[in-house]
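Chain residues, written in single-letter form:
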Amino acid sequence: LGLSVVKNILISHGGFIEVRSVPGRGSDFLIYLPVTERTTGPEPARGREPEKVRDHPAVLLVDDDTRVARYLTRRLSREGYEVSKFTDPEEALSVFRAEPDAWKLVLADNAMPKLKGTDLIRQIRQCRPTLPTILITGYADQEVLRMRREGWIDETLNKPLDFARLADAMEKLLRREEEA
């Protein structure tokens, strides 16, 4: 199979592929799939309990990988979220600045061209300091850890992304926001 086919299969299952290559030494292809307790069988027709998500919370989703953005949009929409999907972080920031109160939560990938997720979140939080934020990252570098400690980022989730953990983190942040 070609790598693009492998990548598409992995993304459709909530995983991803990482390539490490050293000239003259070869390449390593690391395949990540989410952990599941289910052994086989089709996915249940119902998602999580719909009563947990109220008022169709609006989510600003920013991921430069169109396949990942499409997958997350589809899954979150099924869970009752109203998703505004962007693959260009600068465009997302521009739209956000035009109407900063339109969203209840920001979900951003960290490794993006033009504007890293940490920089995007920092600029969003300068406009709206209490907006809940989740950063998705392949690894948490010092900047990510510092921003988390300082409260710029509410939650970090590592790749490969476990959708159940994402949904739980979103619910927790939205409940916290409701109670504030």
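Everything numeric here is computed off the predicted structure, so don't read it as measured data. (Residues numbered from 1 in each chain as written. Predicted model: local features only at pLDDT ≥ 70, side-chain atom pairs only at ≥ 80, totals over all residues. Heavy atoms only, no water.)

Peer 1: Sorry if this is basic, but what is going on with the packing of helix α2 (residues 66-78) against helix α6 (residues 163-179) here?
Peer 2: Packed helices, taken two at a time, are described by the angle between their axes plus the distance between the axes. One can describe the packing of α2 onto α6 by two numbers: an axis separation of 12 Å at closest approach and a directional angle of 60°. Judged on the interaxial angle alone, α6 and α2 are oblique. Like other packed secondary-structure pairs, α2 and α6 cross with a definite hand, here right-handed. Two secondary-structure elements touch here, α2 through Tyr71, Leu72, Arg75 and Leu76 and α6 through Phe163, Leu166 and Met170. (Axes fitted to C-alpha atoms, helices over the stretch in contact; angles between N-to-C directions. Helix = DSSP H or I, 4+ residues; strand = E, 2+ residues; numbered from the N terminus. Parallel < 35°, antiparallel > 145°, perpendicular 65-115°, else oblique. Left-handed = near helix turned anticlockwise from the far one by under 90°. Contact = heavy atoms within 4.5 Å.)

Peer 1: Sorry, what's going on with a positive patch on the surface here?
Peer 2: A contiguous patch of positive charge, built from Arg70, Arg74, Arg78 and Lys85, is present on the exposed surface. Counting residues per element, the positive patch draws most heavily on α2, at three residues. Mapped onto the elements, Lys85 comes out in strand β4 (residues 82-86). (Patch = residues over 30% accessible without salt bridge, like charges linked within 9 Å, V, L, I, M, F, W, Y side chains within 5 Å. Areas by Shrake-Rupley, 256 points an atom, 1.4 Å probe, with all protein chains shown as cover. Salt bridge = Lys/Arg side-chain N within 4 Å of Asp/Glu carboxyl O. Lys, Arg positive; Asp, Glu negative; His and termini not counted. Charge placed at Lys NZ, Arg CZ, Asp CG, Glu CD.)

Peer 1: Hey, could you run me through α6 in this one?
Peer 2: Spacing of three or four residues puts side chains on the same side of an α-helix, whose turn is 3.6 residues. End to end, α6 covers 24 Å across 17 residues, agreeing with the expected 24 Å (1.5 Å per residue, within 8%). Every buried residue belonging to α6 is among Phe163, Leu166, Ala167, Ala169, Met170, Glu171, Leu173 and Leu174, and all of these are buried. For α6, the secondary structure elements touched by its buried residues are β3 (58-62), α2, β5 (105-109), β6 (133-137) and β7 (155-158). The N-cap of α6, judged by a side-chain oxygen 2.9 Å from the amide nitrogen of Ala164 a few residues on, is Asp162. (Expected span 1.5 Å × (residues − 1). Buried < 20%, exposed > 50% of the residue type's maximum accessible area, 1.4 Å probe, protein only. Polar contact = N/O pair within 3.5 Å; in protein donor to acceptor, adjacent residues only side chain to side chain.)

Peer 1: What should I look at first to understand the packing of helix α4 (residues 117-127) against helix α5 (residues 142-149) in this one?
Peer 2: Between α4 and α5, the least distance of the axes is 10 Å, while the angle of their chain directions is 25°. The orientation of α4 relative to α5 falls into the category roughly parallel. Viewed along their axes, α4 and α5 form a crossing whose handedness is left-handed. Taken together, the residues of α5 that come into contact with α4 (itself represented by Thr118, Asp119 and Arg122) are Glu143, Val144, Arg146 and Met147.

Peer 1: Explanation requested: α5 in the structure shown.
Peer 2: Of all the residues in α5, the buried ones are Glu143, Val144 and Met147. Viewed along the axis of α5, the buried residues span an arc of 100°, placing them on a single side of the element. Exposed residues lying more than 90 degrees from the buried face of α5 are Gln142 and Arg149. Two or three places before Glu143, at the opening of α5, Asp141 has a side-chain oxygen 3.2 Å from that residue's backbone nitrogen. Directly beyond the C-terminal end of α5, a positive phi value near 90° is found at Gly151. (Arc of directions from axis to C-beta.)

Peer 1: Hey, could you run me through the side chain of Arg125 in this one?
Peer 2: With respect to the helices, strands and loops of the structure, Arg125 is situated in helix α4. Of the polar contacts made by the side chain of Arg125, one reaches the backbone oxygen of Pro129; its length is 3.2 Å. Setting aside its immediate chain neighbours within four residues, Arg125 contacts Thr130, Leu131, Pro132, Thr133, Gly151, Trp152, Ile153 and Asp154.

Peer 1: I'm lost on the layout of surface pockets in this one. Help?
Peer 2: If a probe as big as a water molecule is rolled over the atoms, it shows which places are left empty. The space that makes up the second largest pocket amounts to roughly 380 Å³. If you trace the second largest pocket, you find 17 residues lining it, with Gly15, Phe16, Asp65, Val68 and Lys159 closest to the centre. At the level of secondary structure, the elements contributing two or more residues to the lining of the second largest pocket comprise α1 (3-12), β1 (16-22) and α2. Tallied by class, residues from the lining of the second largest pocket come to eight nonpolar, two polar and seven charged. (1 Å grid on protein atoms, 1.4 Å probe; cavity = no way out; pocket = protein on both sides within 12 Å on 5 of 7 lines; lining within 4 Å. Points joined across faces, edges and corners; volume = space filled by probe spheres on them. Nonpolar A, V, L, I, M, F, W, Y, C, P; charged D, E, K, R; others polar.)

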